[in-house]
Each structure stands twice: as C-alpha cells, then as structure tokens.
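Below, each chain spelled out in residue letters.
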Amino acid sequence: MLKIEGLNTYYGDSHILRGVEVELPAARSVGLLGRNGMGKTTLIRSLMGYVRPASGRVLLDGQDVTAWPPEKMARRGIGYVPEGRGIFPNLSVRENLVMSARAGIDGRREWTFDRVMQTFPRLTERLSHGGQQLSGGEQQMLSIGRALMTNPRLMILDEATEGLAPLIVAEIWRVIAGIRSSGIATLIVDRDWRKVLANTDHAVVMEKGRIVRHGASQELVAEPAVLEDLLGV
Ligand SMILES: Nc1ncnc2c1ncn2[C@@H]1O[C@H](COP(=O)(O)OP(=O)(O)OP(=O)(O)O)[C@@H](O)[C@H]1O
Ligand SMILES: [Mg+2]
C-alpha cells in the first residue's frame, strides 16, 4: 500500500534522512524504532507531506504522492496522530471529533462518533470541555479518536504514550491492539520497543537517518542485545 523509496530529507543544511526505504503492506503493522533524534518523526513528516524531501519517492497504491499536502494524504486514508497530539485546543471534544468525521476511501463509516465514545468512555464525560482543559491522557485519546473518525486504512502513531501514567499507557496500547485487529494498518513509533514489537508484524530500526535493521517483530524480539545496543536502553 505505502512504499518509501530512497528518501532524503534536510532541515536547512542538516541532512536528516539518508536514503530511507520502508514498505508498508495493506493491513500490516510496522514498528519504527530508534533513539532520540534519529529521524523517526522526520520520516513520518516527510511521508505525510509536512516536510518536502530533497529526493526519493513516497508511493501510495503505486502512485507517486511525494510531497502531496497532508490533507490530501488524509483523504487517501492515512490517519495521523502526531507527536505532541495536535488537537484543536479551543474547540470542544465533540467539535474536535465531529469536524474530523469522514467516510473511508472505500466509503465505509465503521468509525462513528458512538464507536469512538465506546472506545474512549472517558471522553464521554468531557464532550463539552475544550481541548486545552483535558489531561494529557485525554488529549491523546482525543487525538487518536480524531484520526479514527476519518476511517483510515493506515494509522500513524508517533509517541502516543509519551509522558502518560501507566494505567493510561495500558489503555492506549489496548486501543492500538484493537485498531490493528480491526484491519487498519499501523505505523507505530514508541519508546517501549517491547510493546512496539508485541503490537506489530514487522519493525525497522533507524540510526542517524538510516534504516539499520529490519525484520519480523517476532524475530527482533528474540535479539534483545542487538536492540538494546541500537536503542541505547
Ligand atoms: N524543525 C526542525 N529543524 C531543524 N532540525 C530539526 C527539526 N526537527 C528535528 N530536527 C532534527 O532532526 C533530527 C531528527 O529529529 P526527529 O524529530 O525526526 O527524531 P526522532 O527520531 O523523532 O526523535 P525523538 O525520539 O526525540 O522524537 C534531530 O537531530 C533533530 O534535532
Ligand atoms: Mg520523534
């Protein structure tokens, strides 16, 4: 479904992504691992069209979509939960969700307002609250809920559990597992590599803007020493 070929991205003179290749088949889950500053978020921002890569291609269903604007990528079925959440702070929880509602590219509307409420019961008690009045965990749930309201076929989750209390973290992983089992492909970035590997089919490890290791998540989990070395944990 999504293929990234030879992507090079710069911030000014800094060469951040160096020939990144990643393939994301439909309905599969891919984990993206790497220490701080290795280029995970830059890769996601490059494929979503927030940053224009200097060279390389992003292919969606075989079509070259490199540097398409983010809204257009969203319309083609890519849901994005950005690092640091990205909800509208001045809109209510209900407004944040309703304004994101859209049928999937195949016309399906499996993720409705009611289903998002069932998934995040906590948000039902906060519907009229503004985004900025929510706790960090509730904001993250709202951010995931908004992406689900677009009925995506691929969900990209960048550090969805960052800075949250253990109980909330567990709830977010439960939801991520549910998203995966509902047939939506996922691209997951998270510091907890064990959780990432447990919730993905395949994983890639980035170091200094390059993919330095990739493989089946089940195989990688059996190499903790290699991962600890690459991830510095
Ligand atoms: N807007 C920017 N302008 C200039 N440099 C940037 C910008 N954003 C990120 N960088 C640099 O690009 C490199 C890759 O950053 P990126 O955010 O992609 O890493 P990351 O793997 O997502 O890290 P983290 O785990 O901390 O989220 C880092 O050296 C970072 O300092
Ligand atoms: Mg990041």
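Reading the values: rules and limits
Residues numbered from 1 in each chain as written. Chains lettered and ligands numbered in written order. Predicted model: local features only at pLDDT ≥ 70, side-chain atom pairs only at ≥ 80, totals over all residues. Heavy atoms only, no water. Near = heavy atom within 4 Å. Polar contact = N/O pair within 3.5 Å; in protein donor to acceptor, adjacent residues only side chain to side chain. Areas by Shrake-Rupley, 256 points an atom, 1.4 Å probe, with all protein chains shown as cover. Helix = DSSP H or I, 4+ residues; strand = E, 2+ residues; numbered from the N terminus. Nonpolar A, V, L, I, M, F, W, Y, C, P; charged D, E, K, R; others polar. Buried < 20%, exposed > 50% of the residue type's maximum accessible area, 1.4 Å probe, protein only. Contact = heavy atoms within 4.5 Å. Expected span 1.5 Å × (residues − 1). 1 Å grid on protein atoms, 1.4 Å probe; cavity = no way out; pocket = protein on both sides within 12 Å on 5 of 7 lines; lining within 4 Å. Points joined across faces, edges and corners; volume = space filled by probe spheres on them. Pairing = 2+ DSSP bridges. Phe/Tyr/Trp six-rings, centres within 6.5 Å; stacked < 30°, edge-to-face > 60°. Lys NZ or Arg CZ within 6 Å of the ring centre and 35° of its normal.

Student: Give a detailed account of the site of ligand 1, specifying residues and quantitative values.
Tutor: With respect to spatial proximity, 13 residues lie near ligand 1, and among them Gly-37, Lys-40, Thr-41, Thr-42 and Glu-83 are the closest. A distance of 3.3 Å separates an oxygen atom of ligand 1 from a polar atom in the side chain of Asn-36. Met-38 is positioned such that a nitrogen or oxygen atom in its backbone is 3.2 Å from an oxygen atom of ligand 1. A total of 630 Å² of accessible area belongs to ligand 1 in isolation, and the protein chains cover 59% of it. With three residues, the single largest contributor to the shell around ligand 1 is helix α1 (residues 40-48). Taken together, the residues of the shell around ligand 1 sort by class into three nonpolar, five polar and five charged.

Student: Describe the side chain of Thr-150, and please don't skip the residues or the numbers.
Tutor: Note on placement: Thr-150 falls in the loop between α6 (136-149) and β7 (154-158). On the basis of relative accessibility, which here comes to 13%, the residue Thr-150 falls in the buried class. From its side chain, Thr-150 meets the backbone oxygen of Ala-147 in a polar contact 2.6 Å long. Contact partners of Thr-150, with chain neighbours within four places excluded, come to Gly-79, Ser-100, Arg-102, Ala-103 and Gly-104.

Student: Describe in detail helix α7 (residues 166-181), supporting the description with residues and values.
Tutor: Taking 1.5 Å as the rise per residue, α7 with 16 residues should run 22 Å; its terminal C-alpha atoms sit 23 Å apart, in good agreement. Restricting attention to buried positions, one finds in α7 the residues Ile-168, Val-169, Glu-171, Ile-172, Trp-173, Val-175, Ile-176 and Ile-179. Those residues of α7 that are buried are in contact with α4 (113-119), α5 (121-124), α6, β7, β8 (185-189) and α8 (193-198). Looking one or two residues past α7, Gly-183 carries a phi angle of roughly 95°, positive in sign.

Student: Residues and numbers for the layout of surface pockets, please.
Tutor: As a volume, the largest pocket reaches approximately 460 Å³. Lining the largest pocket are 19 residues, with Ala-74, Tyr-80, Ser-100, Arg-146 and Thr-150 positioned closest to its centre. Of all the elements in the fold, those that place two or more residues in the lining of the largest pocket are α2 (70-75), β6 (78-81) and α6. As for the second largest pocket, its lining consists of Leu-33, Gly-34, Arg-35, Asn-36, Lys-40, Glu-159, Asp-190, Arg-191, Trp-193, Leu-231 and Val-233.

Student: Tell me about the sheet that holds strand β2 (residues 14-24), residues and numbers included.
Tutor: Taken together, four strands build an open sheet; the order of strands is β2-β1-β4-β5 and the sheet is antiparallel. Bordering the open sheet on either side are β2 and β5 (63-64), each of which pairs with just one other strand. Relative to β2, strand β1 (residues 2-11) runs antiparallel, the two sharing eight bridges. By the bridge assignment, Tyr-11 is partnered in β2 with Ser-14.

Student: Please provide a residue-by-residue account of the side chain of Glu-159, values included.
Tutor: Here Glu-159 shows up in the loop between β7 and α7. Residue Glu-159 is classed as buried on the basis of its relative accessible area, which comes to 5%. A distance of 3.2 Å separates the side chain of Glu-159 from the side chain of Arg-191, its partner in a polar contact. Residues in contact with Glu-159, not counting those within four places in the same chain, are Lys-40, Glu-83, Gln-140, Val-189, Asp-190 and Arg-191.

Student: I'd like to hear about the packing of aromatic side chains, residue by residue, with values.
Tutor: Inspection of the entire model under this criterion finds one aromatic pair. For the ring pair Tyr-50 and Tyr-80, a centre distance of 5.7 Å and an interplane angle of 50° mean the geometry is tilted. One end of the pair, Tyr-50, is in the loop between α1 and β4 (55-60); the other, Tyr-80, is in strand β6, and 30 residues separate them in sequence. Look at Tyr-50 and you get partly exposed, because its relative accessible area is 42%. One residue, Lys-72, lies across the ring of Trp-68, its end atom 4.1 Å from the ring centre.

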